[in-house]
Amino acid sequence: MDGSILFLTMPTITHALAPTADQALWILDIYGFAVGSLLIAFGNLGDRFGRLKLLMIGATVFGLGSAGAAFSTSPEWLIGFRALMGLGGATLLPSGLAVLSELFENPRQRSQAIGIFAATFATGFAIGPVIGGLLLSRFDWGSVFLINLPVVVIFLAAAPFVLREVRATRPGRVDLLSIVLSAAGLLAAVYAIKELAAYGPSWPVLGFGVAGVLLTTWFILRQRKLEYPLVDVTLFREKVFTVAIITGVLSLFAWSAAAYLTGIYLQSVLGLPVLTAALLALPGAIVLTTVCILTPRIVEQIGQRAALVLCHFSMAAGLALLLLTTITGGIGWFIASTAVAGVGYGISFALVADTAVAAVPANRAGSAGAIAETSNEIGNALGIALLGSTAALLFRLLGPDLAPTLDETLDLDLTAGLVSEAKTAFLTGLHIAMGIAAVLCAALGILALRWIPKTDERHEAGDAR
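Residues numbered from 1 in each chain as written. Predicted model: local features only at pLDDT ≥ 70, side-chain atom pairs only at ≥ 80, totals over all residues. Heavy atoms only, no water.

By the naming in an unreviewed UniProt entry, the protein chain is MFS transporter, taken from Kocuria varians. Recorded in UniProt for the protein chain, the comment headed Subcellular location (unreviewed entry) runs: "Cell membrane". (UniProt positions renumbered as here; feature names shortened; annotations may be inferred.)

Right, here's the structure in full:
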């Protein structure tokens, strides 16, 4: 909910805090990168020190970060508190999946439970823009962060009574160097991408990019040598697992970029009120939530291979529909896009987590759940970083070159011709970004057809659950 609220709120935050183009992107995805960098580490820590304890600490940190974000007076402060929220969020997700695997030992029940668990995320995505629209129509932008606090308080009050402490029997040790390598490598690479899109190439940017690639490569190679790795790379020998995890990355990669860019499109290009823009996202969100819940039955009926293929091509088709939008109209295409792509997103959100948790023994459920959630969170952050930066770069190259973002440009006293030029440049960036995402989704669908065998499809689906 917090993420989808923020996509809708960014035009308002831009007017209030005047962030630069790259600061605006950091506000959006520093949370995702903080979570993605630390999820695996906290999955291991939860296995070792107790998942309930980590859940309580993480919720507290998330609440403190939300309160700080609500009262931030500059882009820098908001970025910092969003990072603190990410630190808290990284403790919550793997422990949540691990708790489910403990509660439901029956594979069928566990599959249904994880489908419902994934549906709660989809519901959060769905109600986030609507709640955000209602809040922004009555209150300051900080209210979209304060809405987190009642949820945190209720959780902290209830968790000690409804959850029990669970630890792994042989947790091993946490490799601190791996934590540093994964976080530093990811952040260095993304920083380079953002700076390149916002300001063009330079030697420092190139240095950060090379450092990010080298550190990430070192991290991956180190995992193969550790007795207790943060990422169990042997899991990726199973092609179904590999395709599922890549699906987790790509689905959030596409969803986050589409949500961010279409939020600006609806409000700044078409001029719709924030609440209207939020309500237009509801049909797709309903489809997404429903498919999340039904995914275990879908997989049971058509098999894992067919479900993954359907997931990829639904996302590709939905994203391609956004290519039909114009600066004067496109509401119908937007609704159709979210509904069609929502089928693919729903399958992905439910199936990726289920596959990861079912692939390992129960005492490694936290770590496996962390891999699944990391694929989502990294995809979420990379979507904004890569596709958002692509759109920002094209706006800088094709727009009137009066300000780095569309909203800042429209705040100036412009002629009708310059307004049209700015909106056209932004829409071109949106179209190219969504075209890239659609091609990647279709390519992964073809890969699933080639990698995952047709034989014993139903048996594989049952094993994964």
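## Concerning the overall build of the protein chain
Within the protein chain one finds 18 helices and zero strands. Residue burial in the protein chain is summarised as follows: out of 465 residues, 58% are buried. Contacts in the protein chain between residues far apart in sequence, at least 24 positions, make up 84% of those at least 6 positions apart. Taken as a whole, the protein chain presents about 18,700 Å² of accessible surface, with 69% of it coming from carbon and sulfur. (Helix = DSSP H or I, 4+ residues; strand = E, 2+ residues; numbered from the N terminus. Buried < 20%, exposed > 50% of the residue type's maximum accessible area, 1.4 Å probe, protein only. Contact = heavy atoms within 4.5 Å. Areas by Shrake-Rupley, 256 points an atom, 1.4 Å probe, with all protein chains shown as cover.)

## Structural notes on the packing of aromatic side chains
Per the counting criterion, the structure on display carries three aromatic pairs. Considering the side-chain rings of Trp77 and Phe81, the 5.8 Å spacing of their centres and the 25° angle between planes classify their relative orientation as stacked. Note that Trp77 and Phe81 are positioned in helix 4 (residues 75-103) at a spacing of four residues, about one turn of the helix. Its relative accessible area of 53% is what places Trp77 among the exposed residues. Relative accessible area serves as the criterion here: at 23%, Phe81 is assigned to the partly exposed category. Where Trp141 meets Phe145, the ring centres are 6.3 Å apart and the plane angle is 85°; that geometry is what we call edge-to-face. Side by side, Trp141 and Phe145 carry an identical accessibility label, which is buried. (Phe/Tyr/Trp six-rings, centres within 6.5 Å; stacked < 30°, edge-to-face > 60°.)

## Focus: the nonpolar core
Formed by 96 residues in total, the largest nonpolar core has its most connected members in Phe145, Leu319, Tyr345, Phe426 and Met434. With 16 residues, helix 10 (residues 239-269) is the largest single contributor of residues to this core. Ignoring anything within four residues of it in the chain, the contact list for Phe145 reads Asp2, Leu6, Ser66, Ala69, Ala70, Leu78, Arg82 and Met85. (Core = buried A, V, L, I, M, F, W, Y, C linked by side-chain atoms within 4.5 Å.)

## A few points about a nonpolar patch on the surface
Together, Trp203, Leu206, Val210 and Leu214 make up an exposed nonpolar region whose accessible area comes to about 480 Å². Summarising the element assignment, Leu206 is placed in helix 9 (residues 203-223). Overall, the relative accessible area of 45% leaves Leu206 in the partly exposed class. (Patch = residues over 30% accessible without salt bridge, like charges linked within 9 Å, V, L, I, M, F, W, Y side chains within 5 Å. Salt bridge = Lys/Arg side-chain N within 4 Å of Asp/Glu carboxyl O.)

## Section: the packing of helix 10 against helix 17 (residues 416-451)
In contact at an axis separation of 10 Å, helix 10 and helix 17 are set at 165° when each is read in the N-to-C sense. On the basis of their axis angle, the class for helix 10 and helix 17 is roughly antiparallel. The element helix 10 and its partner helix 17 pack so that their crossing is left-handed. Its residues assigned to classes, the contact of helix 10 with helix 17 shows 22 nonpolar, four polar and two charged. (Axes fitted to C-alpha atoms, helices over the stretch in contact; angles between N-to-C directions. Parallel < 35°, antiparallel > 145°, perpendicular 65-115°, else oblique. Left-handed = near helix turned anticlockwise from the far one by under 90°. Nonpolar A, V, L, I, M, F, W, Y, C, P; charged D, E, K, R; others polar.)

## Some details on the confidence of the model for the protein chain
Across the protein chain, the average pLDDT comes to 83, with 88% of residues at or above 70. The low-confidence segment residues 456-465 (pLDDT under 50) makes 28 contacts with residues lying over four places distant or belonging to another chain. (pLDDT = per-residue confidence, 0-100.)

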